[in-house]
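Coordinate inspection notes
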Amino acid sequence: MPEIAARLRRVTETIEIPVWFAVLAGAFAVVALVERLLFPSVKWFFRARLNRAIERLNKRLDLEIQPFKLTKRKVLIDRLVHDPMIMHAIAEAAEEEGVPREVVAERAERYAREIVPSFSVFAYFGLATRGAKWLSQALYRVRLTHVAADELRGIDPEATVIFVMNHRSNMDYVLVTYLVSSRSALSYAVGEWARVWPLQPLIRAMGGYFIRRKSLNPLYRKVLSRYVKMATEGGVAQAIFPEGRLSRDGHLQEPKLGLLSYLYEGFDDASPRDVVFIPIALNYDRVIEDRTLLPAAGDDSVRFKVSFVSLGKFFGKLLRLRLQGKYHRFGYAGVAFGVPLSLRHWKLAHPDVEDPVGRLGADLMGAIGALVPVLPLPVLATVLMQEPERSWSEPDLKLAFNDCLELFKSAVAKAYIPRKDAEYAFENALRHLDERRLITNKDGVIAIDPQEAATISYYANSIAHLVKQ
């Protein structure tokens, strides 16, 4: 009995613990209590508000935000990794490489995490579209040079829409996001250049998915193709650049067929959901990256990375010019929306094509090329490059500009003449070339600066294909 009594006294004795430990334990207890009792109701409250906001948003969008796009990223990753075709590819790779299946499965999951976006309605419509509108209008005079309005209105609202466009500048993403914001939320296929902080999480939140354009790894390409198929079947509106990269010499490029092949091969003829391609053509009086792109023309090995130091200097210079009252926008940015192309109808019209994906790519690039906006500066650059070593008087140059403008007006694409005044268009283009010192202008005698001939040619090349038609 004495031993039992002693033990009871020890049990009821006060134990001293540090104050910091007591505070920490209490904080953990409060967090656990809040998470258990309050977080579910808080999550439900915000989820209900978000759903109502999405419903209101869908009412004003031509193409509704599909449930697939709103699915949690972890769920999409799990669906992708456990897709039967991915599981089969994992088994094949494990057997071929002689490694455990779990090792290959981890690699497939890593690829899935790299590709799958995490779309945020707030990030896209609250930040991205507003920022895109502000930046586009701050840098350019944005003009729609052509819109196939009737045909666009006739698109089946249940179809998966794929916007296909030429790639002139990284501003293409910004410009098209702004112009399409009233129609849909786009999911861009983005190259590895943007896989840096803070761009990577921002692009994922906007619904973009990253692709390794040069990867030949069969497992990676299978994971990517299955994700594209899942998104397409889910009705996600996407935007792709068939050229695969920025044009380095100004010319339109041959299409890269990777993503197009996934879209084509993943399309089920029996599916009630059609795939509709909308060609978009863009052109600029000034491409921000022109001096970076030109030295790499003809060299496919050159890769570009985002330099935040260079971006900071660029925007710092613009801010300084604005504060000094000397800032001028970079001329015109033209965008044209062409006639939609139904993949179902296209396949019915081309049943026996030997290389259907190649033919489809050529048709889409042909439609884009015919729409490329003819802007004042590329027209003036075309005139100057016809006789690159000639010295012009301003009246002679203006006359040649007008003749060239008439030539383009008779081409497939419509020439954009600001204010419908050819003289104003000429003066505007000449001022931009003069301000950038791409030409010499002494006592009314105008000539190409020999060191800038490649830059002038770059802009002339953007519409060179139109005069050949």
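Description of the structure in this document. (Residues numbered from 1 in each chain as written. Predicted model: local features only at pLDDT ≥ 70, side-chain atom pairs only at ≥ 80, totals over all residues. Heavy atoms only, no water.)

1. Here we look at the packing of helix α18 (residues 376-386) against helix α21 (residues 453-461)
Relative orientation of the contacting elements α18 and α21 amounts to 120°, with a least axis distance of 7 Å. With respect to α21, the axis of α18 lies oblique. At the point where α18 passes α21, the crossing takes the left-handed sense. Facing α18, whose interface residues are L377, P378, A381, T382, L384 and M385, α21 presents A453, I456, S457, Y459 and A460. (Axes fitted to C-alpha atoms, helices over the stretch in contact; angles between N-to-C directions. Helix = DSSP H or I, 4+ residues; strand = E, 2+ residues; numbered from the N terminus. Parallel < 35°, antiparallel > 145°, perpendicular 65-115°, else oblique. Left-handed = near helix turned anticlockwise from the far one by under 90°. Contact = heavy atoms within 4.5 Å.)

2. What to know about the packing of aromatic side chains
Across all of its chains, the model carries 13 aromatic pairs by this definition. An angle of 80° between the planes, with centres 6.0 Å apart, marks the rings of Y140 and F330 as edge-to-face. With Y140 in the loop between α8 (121-139) and β1 (141-147) and F330 in the loop between α15 (308-323) and β7 (332-337), the pair connects residues that are 190 residues apart, well separated along the chain. Across the pair, exposure class does not vary: Y140 and F330 are buried alike. Within the aromatic cluster, the residues linked to one another by ring pairs are F68, Y209 and Y227. Taking NZ or CZ as reference, R212 lies 5.2 Å from the ring centre of Y220, over its face. (Phe/Tyr/Trp six-rings, centres within 6.5 Å; stacked < 30°, edge-to-face > 60°. Buried < 20%, exposed > 50% of the residue type's maximum accessible area, 1.4 Å probe, protein only. Lys NZ or Arg CZ within 6 Å of the ring centre and 35° of its normal.)

3. Quick word on the sheet that holds strand β9 (residues 392-393)
Taken in spatial order, the 3 strands of this open sheet run β9-β11-β10, and their pairing is antiparallel. Because the sheet does not close on itself, it has two edges, and the strands there are β9 and β10 (439-442). As paired strands, β10 and strand β11 (residues 445-448) are joined by 4 bridges and run antiparallel to one another. Along β11, the bridge assignment pairs T440 with A447. (Pairing = 2+ DSSP bridges.)

4. Things to note about the packing of α8 against helix α10 (residues 171-180)
With their axes 8 Å apart at the nearest point, α8 and α10 run at an angle of 110° to one another. In terms of orientation, α8 lies roughly perpendicular with respect to α10. With respect to the hand of their crossing, α8 and α10 are arranged in left-handed fashion. Residue-level inspection shows Y124, T129, A132, K133, L135, S136, Q137 and L139 of α8 in contact with α10, the latter providing M171, V174, L175, T177 and Y178. A per-class count over the contact of α8 with α10 returns 8 nonpolar, 4 polar and 1 charged. (Nonpolar A, V, L, I, M, F, W, Y, C, P; charged D, E, K, R; others polar.)

5. Brief notes about the environment of I439
Relative to the helices and strands, I439 is located in strand β10. When its relative accessible area of 5% is taken as the criterion, I439 is described as buried. Among all residues touching I439, those that are not within four sequence positions of it are L384, L430, L433, D434, I446, A447, I448, D449 and I456.

6. With respect to the side chain of T129
Inspection of the secondary structure puts T129 in helix α8. The exposure class assigned to T129 is buried, which follows from its relative accessible area of 9%. Polar contacts involving the side chain of T129 include one to the main-chain carbonyl oxygen of F125, which spans 3.1 Å. Once you skip the residues sitting within four places of it in the chain, T129 turns out to touch Y124, T177 and S181. (Polar contact = N/O pair within 3.5 Å; in protein donor to acceptor, adjacent residues only side chain to side chain.)

7. Some words on unusual backbone geometry
Residue K420 is not a glycine yet carries a positive backbone phi of 55°. Given the relative accessible area of 81%, K420 is considered exposed.

8. Details of the nonpolar core
Core analysis: the biggest nonpolar cluster contains 135 residues, and F163, Y209 and F277 have the highest contact counts within it. Not counting chain neighbours up to four residues away, the residues in contact with F277 comprise I162, V164, L260, L263, V339, P340, L341, L343, L360 and L364. (Core = buried A, V, L, I, M, F, W, Y, C linked by side-chain atoms within 4.5 Å.)

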